[in-house]
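A closer look at the structure
Spelled out, the chains give:
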Amino acid sequence: MINLFYVHGSENHFYILDQTLLNNKLNDNELIKLTRLITSTDNDLHPADGLLVVDESSHQDALAQMRVINADGSEASMCGNGLRCVARYLANKYHKDSFKVETKSADLLVNRHADLAHNVAAFSVEISPVYFDGKYFPFQNLNTTSILNTALPQLSDHLRFTAIAVPNPHLISFVENDHDLNDTLGAIGKKLNDPNPYFTDGVNVNFAKILSRNKLFVHTYERGVGFTNACGTGMSATSLAFAINFPNLVNTKEPIDVYNPGGMVQTKVHNTPNSQWIELIGNATFVGKLSISEENLHAAKIDNINFTDTGEELDYQKFVDSIK
Ligand SMILES: N[C@@H](CCC[C@H](N)C(=O)O)C(=O)O
């Protein structure tokens, strides 16, 4: 039997599959079918936004490789909440606290962090490379070549937007009321992730409320998923947009507290002319494991649900209560 680990960062849930444990690795079609199974709401599995696939890396510097398959079967170039969970998985497997993980665009540094609370393990992960260039998030028909605190009347009659790839694409807006934070976000997120003339590859859409100096609440409509409890790359890109668009409200020498519907993370923005990257610090919670035969993994089939709970979720919920 093979274990699929059920994990979350800020309640952004995934299953981790370690391909190195299999006699025969799943091919890409099988990975997509498995992702559709574990993200479907038509079964009794714990719900997830995607599959994190761990494999060997051919890069000299990297301990292992992580791939991210979204619920709709598309592959993302990065996942911040997922990388923290994979970092914890690899840290335990290889008895290391600091190492690099190969992702689609870069080998990223991860470090074990002090627990956030009793039994709430945490990791910090590098979010990079950062791009403002439209070639990393192709957009068209918006009558602009860059989106940096820019009004986009095609999308909204009152909001301004910033687009940043980290390196997956994010569109960000700072909003003032709950209607925009939820309903307008849902409408724009859906519009830009259905076939549309503006972002033809889709885009992750993050709406943020500024709570105070170095403090944000971020809500995300994810490409390939829909509304999510939290998006690690989204909170990182939004923190950078916060520092750029509201320099009087951000001290980049201090962490930014980023609250989200599933909890909170901290970000550290590194924004110098020569280097832009973000450090994302947050929980990496292992809720439990689902045991499944290798044959059923290949067939994307579950005969009976064999799930073992770790008990960590109870402690995570206590942590969330403590920050409310
Ligand atoms: N939840 C993730 C981002 C996952 C990828 C995204 N859906 C995309 O397609 O870019 C995170 O925590 O960063």
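Because the structure is predicted, anything quoted here is derived from the model rather than measured.

Our next topic: the overall build of the chain. On a plain count of helices and strands, the chain comes out with six helices and 19 strands. Since a compact globule built from 324 residues should have a radius of gyration of about 20 Å, the 19 Å found for the chain is in line with a globular shape. Overall size of the chain, expressed as C-alpha extent along the three principal axes, is 55 × 40 × 40 Å. For the chain, with 324 residues in total, the buried portion stands at 56%. If you take every contact in the chain between residues at least 6 apart in sequence, the share linking residues at least 24 apart comes to 63%. Charged side chains in the chain number 25 positive and 37 negative. The centres of these two groups are separated by 4 Å.

We now examine the layout of surface pockets. Taken as a whole, the largest pocket holds about 200 Å³ of empty space. As for the largest pocket, its lining consists of 18 residues, of which D72, N193, D194, R223 and G224 are closest to the centre. Of all elements in the fold, only α3 (178-193) and β13 (215-222) reach the threshold of two or more residues within the lining of the largest pocket. For the lining of the largest pocket, the leading source of residues is α3, giving three residues. The class makeup of the residues in the lining of the largest pocket is five nonpolar, seven polar and six charged.

Our next topic: the pairing of strand β12 (residues 204-212). Within a regular strand, the side chains alternate between the two sheet faces. Sheet topology note: the strand β11 (residues 169-174)/β12 ladder contains five bridges and is parallel. Looking at the pairing, L171 lines up with V205 of β12. A crossover links β11 with its parallel partner β12, the connecting element being α3, and its sense is right-handed. As judged from the seven bridges shared by β12 and β13, these two strands associate in the antiparallel manner.

A cis amide bond, omega -5°, links S128 with the succeeding residue P129. Positionally, P129 belongs in the loop between β8 (120-127) and β9 (150-151). A cis amide bond, omega -5°, links V166 with the succeeding residue P167. Here P167 is to be found in the loop between β10 (160-165) and β11.

With that out of the way, let us pick up the pattern of salt bridges. Pairing is possible between side chains that carry opposite charge, provided their charged atoms lie close to one another. Within this structure, the stated rule accounts for eleven salt bridges. Across the salt bridge formed by D194 and K190, the nearest N and O atoms sit 2.6 Å from each other. The class for D194 is partly exposed, based on a relative accessible area of 34%.

In this structure's numbering, the residues bearing the UniProt feature "active site" (unreviewed entry) are C79 and C231. Sequence-wise these annotated residues cover 153 residues; spatially they are packed, their C-alpha atoms never more than 7.6 Å apart. Among the annotated residues just listed, those that line the largest cavity are C79 and C231. Take C79: it is sitting in the loop between β5 (75-76) and α2 (80-94). For C79, the residues in contact, after removing those within four places along its chain, are F14, M66, V68 and T233. Tracing the backbone shows C231 in the loop between β14 (226-228) and α4 (232-245). When its relative accessible area of 4% is taken as the criterion, C231 is described as buried. Setting aside anything within four residues of it in sequence, one finds C231 in contact with N12, N81, H170, T220 and E222.

Each value, and the rule that gives it
- Residues numbered from 1 in each chain as written.
- Predicted model: local features only at pLDDT ≥ 70, side-chain atom pairs only at ≥ 80, totals over all residues.
- Heavy atoms only, no water.
- Helix = DSSP H or I, 4+ residues; strand = E, 2+ residues; numbered from the N terminus.
- Rg over C-alpha atoms; globule rule 2.2 N^0.38 Å.
- Buried < 20%, exposed > 50% of the residue type's maximum accessible area, 1.4 Å probe, protein only.
- Contact = heavy atoms within 4.5 Å.
- Lys, Arg positive; Asp, Glu negative; His and termini not counted.
- Charge placed at Lys NZ, Arg CZ, Asp CG, Glu CD.
- 1 Å grid on protein atoms, 1.4 Å probe; cavity = no way out; pocket = protein on both sides within 12 Å on 5 of 7 lines; lining within 4 Å.
- Points joined across faces, edges and corners; volume = space filled by probe spheres on them.
- Nonpolar A, V, L, I, M, F, W, Y, C, P; charged D, E, K, R; others polar.
- Pairing = 2+ DSSP bridges.
- Right-handed = clockwise from strand over helix to strand, strands pointing away.
- Salt bridge = Lys/Arg side-chain N within 4 Å of Asp/Glu carboxyl O.
- UniProt positions renumbered as here; feature names shortened; annotations may be inferred.

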